[in-house]
Amino acid sequence: MAFLLPLFLITASYLCGRVLQGFFRKPEHNSELPKAGETCLIGMFALLLLWEAMVLPAIKLLLSFRLLTQLYSIMLLLICAKGAINCSREQGKYRFTPVYDWFSPAAVLAALVFLAQVVSFFFFYPDTQADATVETVVTTLSSDLIYENHPYMGTTFVYGITFRGKLVTLPLFYAYLKLITGSRAVTIVYRLVPFMCLLLNYAVYGIWIDQFTKQTEESSRKKALCFLVLGLLNLCGSFSYDTVFYYLIHRGFRGETLVFGVILPYVLYLCFRIFAHHEYIKILWLLMALATTILCTDPERGLLPCVICVVLMLLIVLGWEFGKKVRRK
Amino acid sequence: MTEVQTMLEAIRNAFTLAGGTPGLSALFLAGLIALWYTKNEQKKDTELLFRYALVVLLVIISPPYLFLTGRFFTQYAVDNMYLWLLPLTPVVLKVFSDAAGVVRALRHRFIFGLSAAALLLLAGTSSFQPESWKMVENQYYIPQEVVTTLEQVSRIRKERGQEEMLIWGPRELTEYARIYDEGLLTVYGRDLWEGTPDPQMHQIYENWEYNAAMAMDNVPLFMEELGMAAEQYRCDLLILSKAPFYELQEPWPRLVGEYVLQETLDGYIIYVHR
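Model, not experiment: these values are computed from the prediction.

### Concerning the pattern of salt bridges
Residue and element names in this part refer to chain A.
Then comes step 1: Taken as a whole, this structure holds 19 salt bridges over all chains when the rule is applied.
Then comes step 2: Salt-bridge contacts for R254 lead to D131; the nearest nitrogen and oxygen are separated by 2.7 Å. Remark: D131 occurs in the loop between α4 (105-123) and α5 (133-143) and R254 occurs in the loop between α10 (244-250) and α11 (255-276); sequence separation between them is 123 residues. Judged on exposure class, the residue R254 and its partner D131 are both buried.
Then comes step 3: Residue K223 is joined to D210 by a salt bridge in which the shortest nitrogen-to-oxygen separation is 3.1 Å. Residue K223 is located in helix α9 (residues 217-237), and its partner D210 is located in helix α8 (residues 185-212); the two are separated by 13 residues in the primary sequence.
Then comes step 4: Relative accessible area serves as the criterion here: at 0%, K223 is assigned to the buried category.
Then comes step 5: Taken together, the shared-partner salt bridges connect E38, R273, E279 and K282 into one network.

This is how it looks when you write it as structure tokens:
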């Protein structure tokens, strides 16, 4: 049951993404299908933000965790149903383009390298130094309270967590996943969540790779090679501490991993689309991505780096445009 | 002069760590040069990526940034997370994607693929740390000898019909008790000896708790203090490691304060409250 969780999350986030994309862009006949990776990313951010929006009032109202999960499950089902209806309605409007040559040597190797990364979640100890994610999941479920008990001890907090600390609701989302699957907390946190994070990492760099290559038959092979390079980079980079690749492989359940492995590359991609291609509709996705960092980790480690990225990109583009104007004069 | 030297050293370190490992940093730099070489021939995206990568690199090795992180935001300098702003993966992907477009013949493709893999392996493995690759011993992600003991402790809790049981034991048991059985409560957490993992979590330990932890770490020497502290914590179960008793060639007592010997396991002795 637990191993169906990634499939469920991917489907739910895709459907949620389709609902959101449907709000802002009505498809015309024979238009291009939105990129599945980007749809999943947007959907995942939306699901996490919805979770945050429901947890914060629940903390204030001292609601039980189980009641919160029931309400969230209802919302999730409604969104999925709406997404499924949208998909079936818009089915004939999109044209499908063949993307990958699945059985080229590079594609097979890329799949093997991806598998090697997934296997590492199952066979090697994660780095749990200064981390209380599993303990938070276990404590939340056993006490049925939200951030009222100390994760390491299980007893009530003497001093408690600040409101800023309570904004980080990602471990509670893992508790929700544990509750709906009925699996062990370690299975969810150390195996399935890093797997999901890796999938999202591939999704976000898939968008980057799409940007680098054009839609031709030749580009399919190029894309497969790029995925192989990405996998090798993740795997080989994880041999050393203090790299984002190490976090992806050994600490995939941490909020920082989601920020630096998924959200930040996506924010950078969005900056490209907004500033270089003037796709201003993407500002909404950018704001969503920035808001998602708040529930992942401290603002200094999540929101601030992403804001720095946006500001730097804005300054670079402004400087570039200014330079062009000066040269023209 | 020393301040200048320190700054130069900091710049060198930041540059080495910018990509994560010296090998990856070198790969990034090579990618940046390749982007610079091709940026005029290609579209706006490439030029923007080149400019962004260059600006971020210059910012993170710049003296003002290093001065600020070294003096005022030391935590961020320790984490090195701001170095991850560097678009290493996009730059590497872009360069490989462009290079793959140039290589046409099958033989050349094979050589290109092989050398690309070798290059990435070399770049990544230049700082291989084998200690971060330890095989999991069981499905609980807990060392096997600890699982065996926690199994017994959990059994005692169930036999006594207690929904929750407060235990106090050595560090390795305290660390994993709640992961194994959510019904086991501990008197202090890993944060007591590791430091708090979350700056927003305001758990403040009193001095006597640090003393109690110290007594537990040096078991046969502070048995009286241990009994008193366990009483103060109102523990249901007190668990001691056998190893220190063997080391000092001393028998373990039948009574520790108000706690009576319940059973002995492979490496541990369990006491229950009278």
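### Section: the packing of aromatic side chains
Residue and element names in this part refer to chain A.
Then comes step 1: For the coordinates displayed, the defined rule picks out 30 aromatic pairs over all chains.
Then comes step 2: Summarising the aromatic geometry, the rings of W51 and F65 are spaced 6.1 Å apart at their centres and angled 80° between planes, so their arrangement reads as edge-to-face. Taken together, the positions of W51 in helix α2 (residues 36-61) and F65 in helix α3 (residues 65-89) put the pair 14 residues apart, joining distant regions of the chain. Here W51 matches F65 in class, with each residue buried.
Then comes step 3: Each ring, one from Y190 and one from F253, has its centre 5.2 Å from the other, and the planes form 55°; the classification is tilted. One end of the pair, Y190, is in helix α8; the other, F253, is in the loop between α10 and α11, and 63 residues separate them in sequence. F253 shares its class with Y190; the two are buried.

### Topic: empty space enclosed by the protein
Remark: the empty space left among the atoms is shown by a probe the size of a water molecule rolled over them.
Then comes step 1: Under the counting rule described, the total for this entry stands at 6 cavities of 30 Å³ or more.
Then comes step 2: Approximately 250 Å³ is the volume attributed to the largest cavity.
Then comes step 3: Considering the residues around the largest cavity, the lining is formed by 24 residues, among which Y205 and V244 of chain A together with W84, L86 and L88 of chain B are closest to the centre.
Then comes step 4: Contributing elements (two or more residues each) for the lining of the largest cavity: α8, α9, α10 and α11 of chain A together with α6 (88-102) of chain B.
Then comes step 5: Per-element tally for the lining of the largest cavity: the top contributor is α11 of chain A, with 5 residues.
Then comes step 6: Here the residues of the lining of the largest cavity are counted per class, giving 17 nonpolar, 7 polar and no charged.

### Some words on a nonpolar patch on the surface
Then comes step 1: On the surface, F103, V108, L109, L112, L115, V119 and F123 of chain A together with M135 of chain B cluster together into a nonpolar patch covering about 820 Å² of accessible area.
Then comes step 2: Assignment of secondary structure puts F103 of chain A in the loop between β2 (94-95) and α4.
Then comes step 3: Look at F103 of chain A and you get exposed, because its relative accessible area is 74%.

### A look at the nonpolar core
Across soluble globular proteins, nonpolar side chains show a tendency to be buried alongside one another.
Then comes step 1: Judged by nonpolar contacts, the single largest core of 170 residues is most densely connected at Y266 and V267 of chain A.
Then comes step 2: No other element matches the 19 residues that α8 of chain A contributes to this core.
Then comes step 3: Y188, Y205, A212 and A230 of chain B belong to the second-largest nonpolar core, a separate cluster that totals 27 residues.

### Comments concerning the side chain of E52 of chain A
Residue and element names in this part refer to chain A.
Then comes step 1: Looking at where E52 falls in the secondary structure, it is placed in helix α2.
Then comes step 2: The buried charged residue E52 lacks any salt bridge, with R164 as its nearest oppositely charged partner at 11 Å.
Then comes step 3: Among the polar contacts listed, one links the side chain of E52 to the side chain of T169, at a separation of 2.5 Å.
Then comes step 4: Not counting residues up to four positions away in its chain, the partners in contact with E52 are L167, T169, I294 and L295.

### Here we look at the environment of V103 of chain B
Residues and elements named next belong to chain B.
Then comes step 1: Tracing the backbone shows V103 in the loop between α6 and α7 (106-125).
Then comes step 2: Judged by its relative accessible area of 16%, V103 is buried.
Then comes step 3: In contact with V103, other than residues within four places in its own chain, are H108, R109 and F112.

### Some details on α6 of chain B
Residue and element names in this part refer to chain B.
Then comes step 1: The end-to-end C-alpha distance of α6 is 22 Å, a good match for the 21 Å that 15 residues give at a rise of 1.5 Å each.
Then comes step 2: Counting buried positions over the 15 residues of α6 gives 11, a clear majority of the element.
Then comes step 3: What α6 keeps buried is the set L88, T89, P90, V91, V92, L93, K94, F96, S97, A100 and G101.

Each value, and the rule that gives it
- Residues numbered from 1 in each chain as written.
- Chains lettered and ligands numbered in written order.
- Predicted model: local features only at pLDDT ≥ 70, side-chain atom pairs only at ≥ 80, totals over all residues.
- Heavy atoms only, no water.
- Salt bridge = Lys/Arg side-chain N within 4 Å of Asp/Glu carboxyl O.
- Helix = DSSP H or I, 4+ residues; strand = E, 2+ residues; numbered from the N terminus.
- Buried < 20%, exposed > 50% of the residue type's maximum accessible area, 1.4 Å probe, protein only.
- Phe/Tyr/Trp six-rings, centres within 6.5 Å; stacked < 30°, edge-to-face > 60°.
- 1 Å grid on protein atoms, 1.4 Å probe; cavity = no way out; pocket = protein on both sides within 12 Å on 5 of 7 lines; lining within 4 Å.
- Points joined across faces, edges and corners; volume = space filled by probe spheres on them.
- Nonpolar A, V, L, I, M, F, W, Y, C, P; charged D, E, K, R; others polar.
- Patch = residues over 30% accessible without salt bridge, like charges linked within 9 Å, V, L, I, M, F, W, Y side chains within 5 Å.
- Areas by Shrake-Rupley, 256 points an atom, 1.4 Å probe, with all protein chains shown as cover.
- Core = buried A, V, L, I, M, F, W, Y, C linked by side-chain atoms within 4.5 Å.
- Lys, Arg positive; Asp, Glu negative; His and termini not counted.
- Polar contact = N/O pair within 3.5 Å; in protein donor to acceptor, adjacent residues only side chain to side chain.
- Contact = heavy atoms within 4.5 Å.
- Expected span 1.5 Å × (residues − 1).

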